[in-house]
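Observations on the three-dimensional arrangement
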Amino acid sequence: MNLHEYQARDLLRHAGIPVPPGDVAATAKEARMIAERLGGKVVIKAQVHAGGRGKAGGVKLADTPQEAEAIAGKILGMQIKGLTVHKVLVAPAAEIASEAYVGVIVDRAAHSATFMVSPAGGIDIEEVAAKTPEKIFRQRVDARYGLLPHQALGLAFHLYEDAGKARQAADILTRLYQVFLNCGGSLCEINPLVVTPEGQVLALDAKIVVDDNELDRRPDIAALRDESAEDPAEVTARRANLTYIKLDGNVGCIVNGAGLAMATMDLVKYYGGEPANFLDIGGSSNPEKVVNALKIITADPHVKAILFNIFGGITRCDDVANGIVAATKQFTVTVPIVIRLTGTNEQQAVEILNAVGMKALTDMDEAVKQAVANVTGGKAA
Ligand code: GDP
Ligand code: MN
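Residues numbered from 1 in each chain as written. Chains lettered and ligands numbered in written order. Predicted model: local features only at pLDDT ≥ 70, side-chain atom pairs only at ≥ 80, totals over all residues. Heavy atoms only, no water.

1. Details of helix 13 (residues 364–376)
Between its first and last C-alpha atoms helix 13 spans 18 Å; for 13 residues at 1.5 Å apiece the expected length is 18 Å, and the two agree. Looking only at helix 13, the buried set comprises Met364, Ala367, Val368, Ala371 and Val372. Each buried residue of helix 13 sits inside an arc of 125° when the element is viewed along its axis, so together they form one side. Those residues of helix 13 hidden inside the fold are in contact with strand 14 (251–255), helix 9 (258–270), strand 16 (305–312) and strand 17 (337–343). Its side-chain oxygen placed 3.3 Å from the backbone nitrogen of Asp365, Asp363 serves as the N-cap of helix 13. Looking one or two residues past helix 13, Gly377 carries a phi angle of roughly 75°, positive in sign. (Helix = DSSP H or I, 4+ residues; strand = E, 2+ residues; numbered from the N terminus. Expected span 1.5 Å × (residues − 1). Buried < 20%, exposed > 50% of the residue type's maximum accessible area, 1.4 Å probe, protein only. Arc of directions from axis to C-beta. Contact = heavy atoms within 4.5 Å. Polar contact = N/O pair within 3.5 Å; in protein donor to acceptor, adjacent residues only side chain to side chain.)

Here is the structure:
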């Protein structure tokens, strides 16, 4: 789950990291009122789950409350990387002497949390990694000890030669690790971490991604979810207890089990197709889940063929077949459906489908080839 910048800033502030004050506005007028209250020059920032807002015109400075209102009016409603801006953050504009990057992520390869810092901040860290990787410094964190003081200071000295600034940065890194642990983060980053002309180190932007599996035991963090900022299909899927990730292809996949879903996507690609999604209907699939899955997949206009791949175990093939029949009675599916099912209650499933003129395959290769042929016009590899 992604947090908005203003939410992430609050978490950092509560942990004692220096963050400028500020407030969120949903209208231009509210933005002006916040600017009046703050006084002086302000920065107006689009609150969407995307980086690179600055480059996209979603971060602007305003000298007066009137200007803040005008700029907020332009940014609200704007599209950034396909996402509509519903809120803006209004904060006092900081003066910037230098910009650095600091972040901590779950590093699966290292089996640990890993800090990354770079004196080349402000711009996308991916760009720094691609063009000047020598400007990124890393530190693994041993979960038993946390980020040790000498490690924090070692990282900080990669950012600043001056000991005073390095000590401020080390303190921020230590607190950032606490935020990361406490919110169940998979990523917490500050970009830019700035130094003001007075020599104060400040977090000007904050990005936090929380591991969804951590949310059940953190209701306060789960309450920060903003469904209006998320992909509508993913919201519908989560409510229906389906694991759904939208992808760029045109073969819609409905599969039981995450492993089989991954293997199915691989096979779609192997036969020259592109999966439109990852979708796991889970272990025990009642027909209602299948109806919901089909609703979500058919709502994606890119989908040109649908592939069911069901390996019946706890999931019963007849439940899935009943779901498919129920769905096609509720709404018209205009794209071809290829169904592969095998395992528990396979025979009943075949009878249910045949009764409405649908066919089922048992061979996975054959089914994937057919689904891909439906979108490539028969040119499956
Ligand atoms: P991002 O582009 O989505 O990462 O948004 P950021 O919040 O990082 O803002 C992008 C850039 O805008 C920063 O790197 C800064 O150079 C600039 N910026 C952001 N906030 C301020 C501010 O308070 N004062 C000034 N002078 N520049 C700012
Ligand atoms: Mn940034």
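So that's the structure; there's more coming.
2. Topic: the site of ligand 1
Neighbouring ligand 1 are 17 residues, the closest being Lys45, Arg53, Gly54, Ala94 and Glu99. Contacts to ligand 1 include Gly52, whose backbone N or O atom sits 3.4 Å from an oxygen atom. Within the side chain of Asp205, an N or O atom sits 3.1 Å from an oxygen atom of ligand 1. Protein contact buries 80% of the 560 Å² of open area that ligand 1 shows by itself. The set of elements that each furnish at least two residues to the shell around ligand 1 consists of strand 2 (42–46), strand 3 (59–62) and strand 10 (185–195). Counted by class, the shell around ligand 1 contains eight nonpolar, five polar and four charged residues. (Near = heavy atom within 4 Å. Areas by Shrake-Rupley, 256 points an atom, 1.4 Å probe, with all protein chains shown as cover. Nonpolar A, V, L, I, M, F, W, Y, C, P; charged D, E, K, R; others polar.)

3. A closer look at the coordination of the manganese ion (ligand 2)
Surrounding the manganese ion (ligand 2) are the protein donor atoms Asn191 (O) and Asp205 (OD), at 2.2 Å. A residue pair is termed long-range when its members are at least 10 positions apart, and Asn191 in strand 10 and Asp205 in the loop between strand 11 (201–203) and strand 12 (206–210) qualify at 14 residues. For Asn191, a relative accessible area of 11% puts it in the buried group. (Donors = N, O, S within 2.8 Å, 3.2 Å for Na, K, Ca; no water.)

4. Points about the packing of aromatic side chains
Taken as a whole and judged by the stated rule, the model has three aromatic pairs. With centroids separated by 6.2 Å and ring planes inclined at 45°, the aromatic side chains of Phe115 and Tyr177 adopt a geometry described as tilted. Linking Phe115 in strand 8 (residues 112–118) with Tyr177 in helix 6 (residues 163–183), this pair joins segments that are 62 residues apart in sequence. A relative accessible area of 7% places Tyr177 in the buried class. Ring plane angle 80° and centroid distance 5.1 Å describe the contact between Tyr270 and Tyr271, whose orientation is recorded as edge-to-face. In this structure Tyr270 comes out as exposed when scored by relative accessible area, which is 61%. Residue Tyr271 is classed as buried on the basis of its relative accessible area of 9%. Through successive ring pairs, a cluster of aromatic residues spans Phe115, Tyr177 and Phe180. (Phe/Tyr/Trp six-rings, centres within 6.5 Å; stacked < 30°, edge-to-face > 60°.)

5. Quick notes on the nonpolar core
Judged by nonpolar contacts, the single largest core of 40 residues is most densely connected at Leu12, Phe115, Leu176 and Leu193. Of all the secondary-structure elements, those providing two or more residues to this core are helix 1 (5–14), strand 7 (98–107), strand 8, helix 5 (149–159), helix 6, strand 10, strand 11 and strand 12. At 10 residues, helix 6 tops the list of elements feeding residues into this core. In contact with Leu193, not counting residues within four places along its chain, are Ser98, Glu99, Ala100, Val102, Leu159, Tyr160, Ile172, Val201, Leu202 and Ala203. Counting 33 residues, the second largest nonpolar core, distinct from the first, contains Ala233, Ile297, Phe308 and Ile324. (Core = buried A, V, L, I, M, F, W, Y, C linked by side-chain atoms within 4.5 Å.)

6. Observations concerning the packing of helix 10 (residues 287–298) against helix 11 (residues 317–330)
Helix packing for two helices is described by the angle between their axes and how far apart those axes are. At a closest axis distance of 7 Å, the pairing of helix 10 and helix 11 adopts a crossing angle of 50°. One element, helix 10, and the other, helix 11, form an angle in the oblique class. As for how helix 10 packs across helix 11, the hand of that crossing is right-handed. Two secondary-structure elements touch here, helix 10 through Pro287, Val290, Val291, Leu294 and Lys295 and helix 11 through Asp319, Val320, Asn322, Gly323, Ile324, Ala326, Ala327 and Gln330. Looking at the contact of helix 10 with helix 11, its residues break down into eight nonpolar, three polar and two charged. (Axes fitted to C-alpha atoms, helices over the stretch in contact; angles between N-to-C directions. Parallel < 35°, antiparallel > 145°, perpendicular 65-115°, else oblique. Left-handed = near helix turned anticlockwise from the far one by under 90°.)

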